[in-house]
Amino acid sequence: RNWKTEKEYSDIKFESWEGIGKITINRPSVYNAFRPETVVQLIEAFDTCRERQDIGVIILTGEGDKAFCSGGDQNVKGHGGYIDEAGVPRLNVLDLHKRIRSMPKPVVAMVNGYAIGGGHVLHVVCDLTVASDNAIFGQSGPKVGSFDAGFGSSYLARHVGQKKAREIWFLCKQYSAKEAEDMGMVNKVVPLDKLEDETIEWCQIMLQRSPMALRMIKRGLNAELDGQTGIMELAGDATLMFYLMEEAQEGRKAFLEKRDPDFKQFPKFP
Ligand code: 2NE
């Protein structure tokens, strides 16, 4: 595949090919742990994918065959968060979770090794997870002085159920890709050398589907869980669809033409 580099970054790779955006955490020496700068770069790449008309689905993965992501970089963990280059403590990965959640296009985690701690949370917040058979899943927060009681817990419980979610967090055990698939938090497990092919195939199928239909399904599934924020995003897309209708155009036209709008011409569906 002829992946085109979209932009050069220090901590990530951002590429695209035939409608697919591929974002790779590129810090293999620390098992693709993220520091604040990594997260800033991930957010920029995801924001670009959101804006780009020619990108319909996004893959998130890690460089190499050892790790998808091992969570926050323990080398820069300080008081109050992960310390950025300016010395400011941050937990900006939560902003990335929100971006992935809000992304009106499918996001697929292509898990190529360890998905541990905050790396596990990243695969949890993606819409789909395709994993290689050497992938290992687990939480480590309560072992290393951290936790994610947000999407990393509550949304995880929607995947695997409350008992399993509590087990994953309380015990911090590691689970094989097969166990993760059996629990319902992984969609498909394939041999490592087939991982990208399989993920691309899933992406290509989704690219053939109606983008608006996929968007509305994601919004609806999120809205059930995300309270007022979820309803707001679903409602925002309802407004988008309304703006595409003649009925909404009539209101705008009438205002600009300084006349009363004629909404009687539009059907009142049962
Ligand atoms: C991932 C795991 C289980 C792999 O174990 P193993 O034995 O196969 O490899 P090893 O030797 O531990 O790791 C390989 C290299 O990667 C570095 C290691 O220090 C090691 O470096 P060298 O000794 O070769 O120089 N490395 C791995 N993970 C790292 C990390 N997160 N930060 C910095 N360097 C890392 C094993 O490595 C592991 O358990 N890693 C730590 C996982 C972890 O605790 N992550 C943070 C959890 S908290 C979090 O992510 C978080 C959150 O809970 C809430 C919000 C935001 C973030």
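Residues numbered from 1 in each chain as written. Predicted model: local features only at pLDDT ≥ 70, side-chain atom pairs only at ≥ 80, totals over all residues. Heavy atoms only, no water.

Per an unreviewed UniProt entry, the protein goes by the name 1,4-dihydroxy-2-naphthoyl-CoA synthase and belongs to Geofilum rubicundum JCM 15548. Of the comments in the UniProt record for the protein, the one headed Sequence similarities (unreviewed entry) reads "Belongs to the enoyl-CoA hydratase/isomerase family. MenB subfamily." (UniProt positions renumbered as here; feature names shortened; annotations may be inferred.)

Counted according to the given criterion, the structure contains three aromatic pairs. Sitting above the plane of the Tyr 155 ring, Arg 101 keeps its charged end 4.3 Å from the centroid. (Phe/Tyr/Trp six-rings, centres within 6.5 Å; stacked < 30°, edge-to-face > 60°. Lys NZ or Arg CZ within 6 Å of the ring centre and 35° of its normal.)

Moving on, we come to the layout of surface pockets. The computed volume of the largest pocket comes to approximately 580 Å³. Along its surface, the largest pocket is lined by 31 residues, and Gly 71, Gly 72, Tyr 82, Gly 118 and Ser 146 are the ones closest to its centre. Elements that contribute at least two residues to the lining of the largest pocket include exactly strand 7 (81–83), helix 2 (93–102), helix 3 (118–125) and helix 4 (141–144). Top contributing element to the lining of the largest pocket by residue count: helix 2, with three residues. Here the lining of the largest pocket is composed, by residue class, of 13 nonpolar, 15 polar and three charged. (1 Å grid on protein atoms, 1.4 Å probe; cavity = no way out; pocket = protein on both sides within 12 Å on 5 of 7 lines; lining within 4 Å. Points joined across faces, edges and corners; volume = space filled by probe spheres on them. Helix = DSSP H or I, 4+ residues; strand = E, 2+ residues; numbered from the N terminus. Nonpolar A, V, L, I, M, F, W, Y, C, P; charged D, E, K, R; others polar.)

The next subject is the UniProt feature "site: Important for catalysis" (unreviewed entry) in the protein. Listed under "site: Important for catalysis" (unreviewed entry) in the UniProt record, and renumbered for this structure, are Tyr 82 and Tyr 243. The largest pairwise C-alpha distance within this set of annotated residues, which runs over 162 residues, is 42.5 Å, so the set is dispersed in three dimensions. Taking the annotated residues in turn, Tyr 82 line the largest pocket. In this fold, Tyr 82 is placed in strand 7. By relative accessible area, Tyr 82 is classed as buried at 11%. Note that Tyr 243 resides in helix 9 (residues 211–243). Taking relative accessible area as the criterion, Tyr 243 reaches 55% and is therefore assigned exposed. With sequence-adjacent residues up to four places away left out, Tyr 243 is seen in contact with Ala 248 and Gln 249. (Buried < 20%, exposed > 50% of the residue type's maximum accessible area, 1.4 Å probe, protein only. Contact = heavy atoms within 4.5 Å.)

The next subject is the site of the ligand. Taken together, 24 residues lie near the ligand, and Ser 70, Gly 72, Gln 74, Gly 118 and Ser 146 sit nearest. Within the side chain of Tyr 114, an N or O atom sits 3.5 Å from an oxygen atom of the ligand. Gly 118 has a polar backbone atom sitting 2.8 Å from an oxygen atom of the ligand. Considered on its own, the ligand offers 1,000 Å² of accessible surface; in the complex 66% of this is hidden by protein. (Near = heavy atom within 4 Å. Polar contact = N/O pair within 3.5 Å; in protein donor to acceptor, adjacent residues only side chain to side chain. Areas by Shrake-Rupley, 256 points an atom, 1.4 Å probe, with all protein chains shown as cover.)

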